[in-house]
Amino acid sequence: MSSKTKEVALDVPPEVLRQREVKWLDMLSHWDKWMIKRFNKVRLRCQKGIPPALRGRAWLYLSGGKVKKEQNHEKFQELDSQPGDPKWIDVIEKDLHRQFPFHEMFVSRGGHGQQDLFRVLKAYTLYKPEEGYCQAQAPIAAVLLMHMPAEDAFWGLVQVCEKYLPGYYSPGLEAIQLDGEILFALLRRVSPVAFRHLEKHKIDPILYMTEWFMCAFSRTLPWASVLRVWDMFLCDGVKIIFRVGLVLLKYTLGTREKLKNCQGLYETMELLRAIDPRYMQEGFLVRELFEVPVTARDIEREHHSQLKRWKKNRGELNFRPSPRMHGARPIMMAEPPRRQDLQQNPTILFEASDTMQLKKNEERKSKNKKNMKKPMPIEEIPNPYPLHNDPPPPPTDPPVPPPDSTMMPESLPKTEMDFLLQQEAPSNDLPAAKESTHQKSTQSLSSTEQDTYL
C-alpha cells in the first residue's frame with residue numbers, strides 16, 4: 001500500500017476557508033460570466049471543495065435549480081398544496097424514517113426534516129406523474145434538504161432526475177441497466193484484472209452498482225467523501241459517478257492477491273458490500289478520481305454502442321428519457337438564464353403590514369425626540385440642619401417681626417414665653433457644633449453600616 005493510501009485528509013485551515021468563501025461569493029454574484037468565460041476555474045474550485053457555508057447555494061446554481069425555480073415561480077407551492085396520489089403517498093411515508101436515521105434532521109418521526117422530505121417527494125410525483133416515486137430518490141432529496149430549504153431541494157431533485165441521471169428512476173430502470181453495461185465496458189480499460197474476474201463469474205453490474213449510481217454514493221461513502229463527490233458531480237456530471245465506481249472496483253478487485261478469497265459470486269458480492277474504508281476516504285478517493293482516464297465523450301461513445309446492443313438483443317426501450325447533460329455548463333447553455341433568474345433573493349422577509357408598522361414606530365420615536373423639552377433646573381432646597389462651615393441660606397421672605405409682648409396671652413408662664421421667643425428668633429451667638437465622624441468621612445452614607453434609623 002502506498003503512502004497516499006494511508007494519508008488522512010486534513011481540515012481546511014480557517015484562513016484558507018475564508019478566502020475560498022470570498023471567491024465563491026464573487027462567483028455566485030456574477031455566475032453567468034464565470035460559467036461562460038472561466039468555467040475551468042469554477043471546476044477547479046469545485047474539485048478543491050465548496051465551502052460548507054455556501055454549499056447549498058452553490059449546488060442550486062450548479063444544477064440549474066436556481067434558474068428552474070425562478071422560471072416556475074410558485075410552482076412548488078401549487079404542487080405542495082395538492083393531496084397527491086394515494087398509492088405514492090403510502091410508499092413515501094414508509095420510506096421517510098429510513099433516510100439518514102441518525103441525522104438530527106430526520107431522527108424524529110414526524111419531525112421537520114421528515115415533513116420536508118415528504119413534501120419534496122410528493123411534489124415530484126405530481127410534477128412527473130409518468131415517473132412517480134422511486135425509493136432511490138429519497139436519499140438524493142434528503143442530502144439536498146440538509147443544505148437548502150424544501151423548495152430549493154425540490155428543484156435540485158428535478159434537475160438531478162432530468163438532467164444528470166435521466167431515466168434512472170423511471171419504471172423498468174432501463175437507464176441504470178444501460179449505465180451498468182457502460183461501467184463494465186470502461187472497467188476493461190481501467191482494471192483488466194477486475195474486469196476478467198467479474199466476467200468469469202458472470203456477475204451482472206446491476207447487482208453491485210445500482211445503489212451506487214441511483215443514490216449518487218450517498219449511502220455508500222463516508223459523509224466527507226459524499227460532499228466532495230457531489231461538489232464535483234454537480235459541476236461535471238455523471239462522469240464523476242462513473243469514476244468513483246471504477247476506483248472502488250479497481251482497488252477492491254484489481255489485484256490477484258485480493259481475489260484469492262473471492263472464488264465465486266457470493267464472496268465477490270460480500271467484498272463489494274464491505275469495501276475497505278481506506279479506499280473510500282476523502283483524500284485518497286478524490287486524488288484517485290483525477291487519475292481515472294474517463295471523459296464525458298468516452299461515456300457518450302460507450303452509451304451509443306451499448307444502446308445499439310440493447311436494441312439488437314432486447315428491442316426498443318420502453319421509456320425514452322431526455323438527453324443527459326454532462327455538468328453545469330451544458331445545462332446552462334441549453335437553457336440560458338435571464339439576469340434576474342440568477343439574483344440572490346433575501347432569505348428573511350417582512351410582511352408589508354410589519355414594515356409599515358416599523359416605519360410608523362420609527363417616525364413616532366423621531367417626533368418624540370423633537371418634542372422633548374429641556375429638563376427644568378432643580379431647585380435647591382436648603383439643608384434644615386446646616387453644618388457649621390456651610391454658608392447661611394439666602395433669605396427667602398422678609399423676617400417676621402417679633403411679636404409684641406403685650407399681645408401674648410397672660411396665662412402662659414414667663415419661662416415658656418422666653419422659649420417661644422428663642423425659637424422664632426434664633427441667636428447667631430450659639431457655640432459651634434463638634435464635627436461628627438460622618439462629616440469627616442469621605443464614604444457614602446448609603447452604606448448599610450452607616451444607616452441611622454430615628
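These notes cover the structure that comes with them. Remember, it's a predicted structure, so these values are computed and weren't measured experimentally.

### Notes on the packing of aromatic side chains
Overall, the coordinates contain 18 aromatic pairs when judged by the stated rule. Ring geometry for phenylalanine 213 versus phenylalanine 217: centroids 6.3 Å apart, planes at 50 degrees, classification tilted. The buried category is assigned to phenylalanine 213, whose relative accessible area is 0%. Ring centres 5.0 Å apart and planes at 80 degrees place the aromatic pair tyrosine 251 and phenylalanine 284 in the edge-to-face group. Of this pair, tyrosine 251 sits in helix 16 (residues 239–253) while phenylalanine 284 sits in helix 19 (residues 282–291); the two residues are 33 residues apart in sequence, bridging distant segments of the chain. By relative accessible area, phenylalanine 284 is classed as buried at 1%. Members of the aromatic cluster, each reached through a chain of ring pairs, are Tyr208, Trp212, Phe213, Phe217 and Phe242. Just above the ring of tryptophan 310 sits the side chain of arginine 314; from NZ or CZ to the centre is 4.0 Å.

### Considering helix 8 (residues 86–95)
Here helix 8 has its buried residues at Trp88, Ile89, Ile92 and Asp95. Buried positions in helix 8, seen along its axis, are confined to an arc of 130 degrees and lie on one side of it. What points out from helix 8, more than 90 degrees from its buried face, is the exposed set Pro86, Lys87 and Lys94. Summarising the contacts, the buried residues of helix 8 are in contact with helix 9 (112–127).

### Looking at unusual backbone geometry
Positive phi, close to 70 degrees, is recorded for glutamate 74, a residue that is not glycine. Positionally, glutamate 74 belongs in the loop between helix 6 (65–71) and helix 7 (75–80). On the basis of relative accessibility, which here comes to 43%, the residue glutamate 74 falls in the partly exposed class. For phenylalanine 217, which is not a glycine, the phi torsion comes out positive at approximately 65 degrees. Inspection of the secondary structure assignment puts phenylalanine 217 in the loop between helix 14 (206–214) and helix 15 (223–236).

### Side note on a positive patch on the surface
On the surface, Lys23, Arg38, Lys41 and Lys48 cluster together into a patch of positive charge. Assignment of secondary structure puts arginine 38 in the loop between helix 3 (31–37) and helix 4 (39–48). Residue class for arginine 38 comes out partly exposed when judged on its relative accessible area of 45%.

### Some thoughts on the packing of helix 2 (residues 14–29) against helix 4
Any two packed helices are characterised by the angle at which their axes cross and by the distance between the axes. For the pair helix 2 and helix 4, the least separation of the axes is 12 Å and the interaxial angle reads 140 degrees. Between helix 2 and helix 4, the interaxial angle falls into the category oblique. Judged by the sense of rotation from one axis to the other, the crossing of helix 2 with helix 4 is left-handed. Within the contact between the two elements, helix 2 uses Arg20, Lys23, Trp24 and Met27 and helix 4 uses Val42, Arg45, Cys46 and Lys48. Within the contact of helix 2 with helix 4, the residues separate by chemical class into 4 nonpolar, no polar and 4 charged.

Conventions and cut-offs
- Residues numbered from 1 in each chain as written.
- Predicted model: local features only at pLDDT ≥ 70, side-chain atom pairs only at ≥ 80, totals over all residues.
- Heavy atoms only, no water.
- Phe/Tyr/Trp six-rings, centres within 6.5 Å; stacked < 30°, edge-to-face > 60°.
- Buried < 20%, exposed > 50% of the residue type's maximum accessible area, 1.4 Å probe, protein only.
- Helix = DSSP H or I, 4+ residues; strand = E, 2+ residues; numbered from the N terminus.
- Lys NZ or Arg CZ within 6 Å of the ring centre and 35° of its normal.
- Arc of directions from axis to C-beta.
- Contact = heavy atoms within 4.5 Å.
- Patch = residues over 30% accessible without salt bridge, like charges linked within 9 Å, V, L, I, M, F, W, Y side chains within 5 Å.
- Areas by Shrake-Rupley, 256 points an atom, 1.4 Å probe, with all protein chains shown as cover.
- Salt bridge = Lys/Arg side-chain N within 4 Å of Asp/Glu carboxyl O.
- Lys, Arg positive; Asp, Glu negative; His and termini not counted.
- Charge placed at Lys NZ, Arg CZ, Asp CG, Glu CD.
- Axes fitted to C-alpha atoms, helices over the stretch in contact; angles between N-to-C directions.
- Parallel < 35°, antiparallel > 145°, perpendicular 65-115°, else oblique.
- Left-handed = near helix turned anticlockwise from the far one by under 90°.
- Nonpolar A, V, L, I, M, F, W, Y, C, P; charged D, E, K, R; others polar.

Read these as spatial facts, not as claims about activity.
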